[in-house]
Amino acid sequence: QVQLVESGGGLVQPGGSLRLSCAASGSIFSINDLGWYRQAPGKERELVAAITTGGSTNYADSVNGRFTISRDNAKNTVYLQMNSLKPEDTAVYFCNVRCSTYRLPHIFYDYWGQGTQVTVSS
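What this report covers is the structure whose coordinates are included nearby. (Residues numbered from 1 in each chain as written. Predicted model: local features only at pLDDT ≥ 70, side-chain atom pairs only at ≥ 80, totals over all residues. Heavy atoms only, no water.)

Some thoughts on the pairing of strand 1 (residues 2-7)
Turning to step 1, where the next piece is worked out: On strand 1, burial follows the alternation: Val-2, Leu-4 and Glu-6 on one face are buried, whereas Gln-3, Val-5 and Ser-7 on the facing-out side are not.
Turning to step 2, where the next piece is worked out: Relative to strand 3 (residues 18-26), strand 1 runs antiparallel, the two sharing 6 bridges. Bridge pairing in strand 3 links Ser-7 to Ser-21. (Buried < 20%, exposed > 50% of the residue type's maximum accessible area, 1.4 Å probe, protein only. Helix = DSSP H or I, 4+ residues; strand = E, 2+ residues; numbered from the N terminus. Pairing = 2+ DSSP bridges.)

What follows is the structure, given as structure tokens:
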């Protein structure tokens with residue numbers, strides 16, 4: 001029905017940058033809120049950043065000022081620009097897309113990406 005493909009993860013040194021992307025495809029009628037979550041070993045999944053249809057954003061305190069979430073509605077894609085990366089940013093990052101389909105245009109569901117590994121180490 002709806003597929004999310006994440007990319008952009010990898011291994012970087014502390015202080016480096018990465019840009020994650022998440023492209024949604026399928027019978028999408030409308031995309032609502034978008035978000036990025038992460039889960040580190042031994043920890044629970046946490047919200048990293050979120051962006052609404054109107055462009056309002058919200059960030060976890062731990063990444064505020066270093067990460068930037070953005071969206072490209074024409075491409076059905078959400079991005080996460082990560083700068084000044086720290087070892088504690090190491091985690092699997094998941095995108096979350098809330099959208100409706102052509103079959104039920106006014107009913108919204110949450111869809112999740114497969115996850116992409118981000119490792120910050122020297």
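That was the structure; now back to the text.
So, the state of the cysteines
Turning to step 1, where the next piece is worked out: Summed over the entire model, instances satisfying the criterion amount to 1 disulfide.
Turning to step 2, where the next piece is worked out: Put simply, Cys-22 and Cys-95 are joined by a disulfide, and their sulfur atoms are 2.0 Å apart. The sign of the S-S torsion, about 45°, decides the handedness of the disulfide formed by Cys-22 and Cys-95: right-handed. Here Cys-95 lies in strand 9 (residues 91-101) and Cys-22 lies in strand 3, a separation of 73 residues in the sequence. Across the pair, Cys-95 and Cys-22 agree in class, each one buried.
Turning to step 3, where the next piece is worked out: No disulfide involves Cys-99; its nearest neighbouring cysteine sulfur is the one of Cys-22, lying 10 Å away. (Disulfide = S-S within 2.5 Å.)

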